[in-house]
Protein chains: 2
Amino acid sequence: MRSWVAAANAPESPFPIQNLPYGVFSRPGEHPRCCVAIGDAALDLAALEETGLVSIPGNDGVFAQPFLNGFMALGSPVWDAVRNRLTDLLAEGGDTALSGNSPLRNAALIPLSDVSLHLPFQIAEYTDFYAGRHHAVNVGTMFRGPENALPPNWLHIPIGYNGRASSVVVSGTAVRRPLGQLKPPGAETPIFGPCRRLDMELELGAVIGGSNRLGEAVTVSEADEMIFGYVLLNDWSARDIQAWEYQPLGPFQAKAFATSISPWIVTKAALAPFRRSTPHRERELLPYLREPGPMLYDIALEADLTPASAAHATTITRTNYKEMYYSAAQQLCHHAVSGCPMRVGDLIGSGTISGPDKGAYGSLLELSWGGKEPITLATGETRSFLEDGDLVTLRGWAQGDRYRIGFGECSGQILPALQKEEWLS
Amino acid sequence: MRSWVAAANAPESPFPIQNLPYGVFSRPGEHPRCCVAIGDAALDLAALEETGLVSIPGNDGVFAQPFLNGFMALGSPVWDAVRNRLTDLLAEGGDTALSGNSPLRNAALIPLSDVSLHLPFQIAEYTDFYAGRHHAVNVGTMFRGPENALPPNWLHIPIGYNGRASSVVVSGTAVRRPLGQLKPPGAETPIFGPCRRLDMELELGAVIGGSNRLGEAVTVSEADEMIFGYVLLNDWSARDIQAWEYQPLGPFQAKAFATSISPWIVTKAALAPFRRSTPHRERELLPYLREPGPMLYDIALEADLTPASAAHATTITRTNYKEMYYSAAQQLCHHAVSGCPMRVGDLIGSGTISGPDKGAYGSLLELSWGGKEPITLATGETRSFLEDGDLVTLRGWAQGDRYRIGFGECSGQILPALQKEEWLS
């Protein structure tokens, strides 16, 4: 299917008519409001709503809000109806109400180069999982040796922990190197100071558009229904803070300083043609976690690292979301199984997405094997962990037949640590 | 100081004029709104605001909201001004604008027996700590043996983990026994089903009324300034789910099904006369965690257990908040040290408050020593963990000279697990 928005038809465009990812945008001085990306433009959904080209009975103004939560809460029949309507308005040969109305077209289709993109939804709560087997084996091998690499529960439970929603930021937000307690190798007691082993983790985030009540579990199918879409997610990690703090209650400040997400939410509907099954399991899952159908996706993922001094980026990893052992639907089912209420706006991190080979590892911890094998960048510089000024950019797409469902980018640049004067004396 | 509200002057009243804890109340058919407790009544702050007896310039209607977050966000100068004004309006010999206006007095002072109390604030995020030394030693001894009881980081870091804000409920809300994965002793593989080792944890919660920006740490003093007040908190725990899931990323579903808090937030101002220092430390803390003054409180705490069949309760533990090793201000400072943004409405659990002796342990896990030494109730029944129908009630107060700063109650009754039909076949 082709769009009359010409740029959407280029085979390498991340935003063809098959995609229509949701975001929140503004131009200088304007109120942020909801849009979809099409080709090289943001389509202003508040403007379409105002002129009656898109309408959701009983929910006037839902796209004029500065977050997508209101729309997300309306559920899949409304998501589907709006997607169908937008497809009709944007398709070659479709409804000409937008394409044939040049003042509205000019007002509502805004070049992406002219807009700022904001955090697309209010994060209710953020949970991060540990559901990539290659990553779990790699990290477990480094921390506990190859014979104890996978914890005994790992093949039975999608292991997760609650993260910190207040530190989720949109792509482009600078990330400050965190302060914390570290225990250098061989030291007797911990010291306080800036993180020395700052890392990234390449993940996908599932954005929740449904809810369940306190005390009421959901099935994997119901969980899949509750997912509105997916974003790129960089789970920035302070490895030295993490190593000292994480026993016995898990990662805390090592993960609390920032989590970056892409500004576009790619919908479950756009990803439907790319569904893949989870891998073969050597141990059968308990019945509540079994999937009634394929719920992973074939999504190519890359991460670039660009030092402050460098003119161009080095792609440090190439991997794929289909490598995961547990799908977001399985994670969400497990998250609610105790009766924990999930809410519209919850964000579920997949866990680091590492492929089987070194070039496909999703973190510097794995790529540099705990700092023992620094990687070499295109500039000739080496890296074990991130340095101040480094820019990390994640990219992802599902490759269709002459079109791609792109996620855009998720980037963040490292700022030096900010010390408090009281603590330096 | 005495109040013209006679019931407030009884020495055993939890709500004397020195207390004035904040809550959110309604009568049947009414909108929930903010109040303070005085004697045997709720004082309707929205009514006082409407009639101009209490006013916060530029913030009209802040007490008409169904949550205290708006008021909490105004900061300590406003908290102090409102407390002073309410004290003046309620004191014998104070301003007679309320006491002398009988229609207003009758409208604004509502018997507590006539009102429903609601969750007093919207929980932004919930973090639970592990800062009671006796509890950490007890649990560590049971799980890892006496020689490894305290993890190596415990004397240096207030260990905490992010909990689940969506499952925080107000006192009186029933608590459903969670489903989850358990691995019975000796079993090869886990099973799925209702928790068999359901527990309570007696804690205090600090309610945050300030914020810090992403990337900017706060000192212990600044953290103390950010605390609005304290509530009773029951950190319900599924010990068997926890034992199987908690390695390597900490407790997750074992703590996600419910956390109960008391409906009254006792302010930091009311507790000021009861400040106590943290205990002697065998290892000095890193400078960023040192306290400039006493930031714990002398608060007596009790827990009652009442089986469904029983006519009266058994007090199963008597302990005190001053037993903690880290104060809420130290916990909050550590929480923000990485640059994690804290927000108005954050809730910080103290960790289980166990005293040194068996009668002062804050959880059934400790009281029954992992189920090996069941406790005997007044009815003659025994308990290792909670059974369906059991009611747990927490109480707390700071004892002044002929007055008590009471916290009221924090209670919850256990409902049987709710199975999904799909999972029973």
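Everything quoted here is computed from the prediction, not taken from an experiment.

Quick look at the overall build of chain A
Looking only at helices and strands, one finds eleven helices and 26 strands in chain A. Its C-alpha radius of gyration of 22 Å places chain A within 12% of the 22 Å reference for a compact globule of 425 residues. The C-alpha extent of chain A, read off along each of the three principal axes, is 70 × 50 × 45 Å. The proportion of buried residues among the 425 residues of chain A is 62%. In chain A, of all internal contacts separated by at least 6 residues, the share reaching a separation of at least 24 is 71%. Carbon and sulfur atoms provide 50% of the accessible area of chain A, an area that totals close to 14800 Å².

Considerations on the state of the cysteines
Applying the stated criterion to the full structure yields zero disulfides over all chains. The thiol of cysteine 195 of chain A is unpaired, and the distance to the nearest cysteine sulfur, on cysteine 340 of chain B, comes to 15 Å. Here cysteine 195 of chain A falls in the buried class, since its relative accessible area comes to 3%.

Here we look at helix H9 (residues 328-336) of chain A
Given 3.6 residues per helical turn, the α-helix brings residues three or four places apart onto the same face. Taken across its nine residues, H9 of chain A has nine buried, putting it largely inside the fold. Listing the buried residues of H9 of chain A in full gives Ala328, Ala329, Gln330, Gln331, Leu332, Cys333, His334, His335 and Ala336 of chain A.

Digging into the side chain of glutamate 201 of chain B
Residues and elements named next belong to chain B. Tracing the backbone through its elements, the reader meets glutamate 201 in the loop between strand S12 (198-199) and strand S13 (202-208). Of note is the side chain of glutamate 201, whose polar atom sits 3.2 Å from the side chain of lysine 255. In contact with glutamate 201, not counting residues within four places along its chain, are Asp128, His135, Leu233, Asn234, Asp235, Ser237, Arg239, Lys255, Thr352, Gly362 and Ser363.

With respect to the sheet that holds strand S26 (residues 404-415) of chain B
Residues and elements named next belong to chain B. In spatial order, the strands read S9-S26-S25-S20-S21; together these five strands make up an open sheet with mixed pairing. Each edge of the sheet is formed by a strand with only one pairing partner; in this case those strands are strand S9 (175-176) and strand S21 (314-320). In this sheet, strand S25 (residues 391-399) lies alongside strand S20 (residues 300-306) in antiparallel orientation, the contact comprising seven bridges. Following the sheet pairing, threonine 306 is matched in S25 by leucine 391.

A closer look at unusual backbone geometry
When glycine is set aside, most residues are seen to have a negative phi, and most peptide bonds are trans. In this chain, glutamine 247 of chain A is followed by proline 248 of chain A through a cis amide linkage whose omega measures 5 degrees. Positioned with a positive phi, tryptophan 369 of chain B is a non-glycine residue whose angle comes to about 45 degrees. As for its placement among the helices and strands, tryptophan 369 of chain B is situated in the loop between helix H10 (364-367) and strand S23 (375-376).

Examining the side chain of aspartate 346 of chain B
If you trace the backbone, aspartate 346 of chain B turns up in the loop between helix H9 (328-336) and strand S22 (347-349). Within the structure, the side chain of aspartate 346 of chain B is placed 3.0 Å from the backbone nitrogen of glutamate 125 of chain B, a separation counted as a polar contact. There is a polar contact of 2.7 Å between the side chain of aspartate 346 of chain B and the backbone nitrogen of arginine 343 of chain B. Excluding residues that lie within four positions of it along the chain, aspartate 346 of chain B makes contacts with Arg164 of chain A together with Phe121, Ala124, Glu125, Ala206, Val207 and Ile208 of chain B.

Cut-offs applied
Residues numbered from 1 in each chain as written. Chains lettered and ligands numbered in written order. Predicted model: local features only at pLDDT ≥ 70, side-chain atom pairs only at ≥ 80, totals over all residues. Heavy atoms only, no water. Helix = DSSP H or I, 4+ residues; strand = E, 2+ residues; numbered from the N terminus. Rg over C-alpha atoms; globule rule 2.2 N^0.38 Å. Buried < 20%, exposed > 50% of the residue type's maximum accessible area, 1.4 Å probe, protein only. Contact = heavy atoms within 4.5 Å. Areas by Shrake-Rupley, 256 points an atom, 1.4 Å probe, with all protein chains shown as cover. Disulfide = S-S within 2.5 Å. Polar contact = N/O pair within 3.5 Å; in protein donor to acceptor, adjacent residues only side chain to side chain. Pairing = 2+ DSSP bridges.

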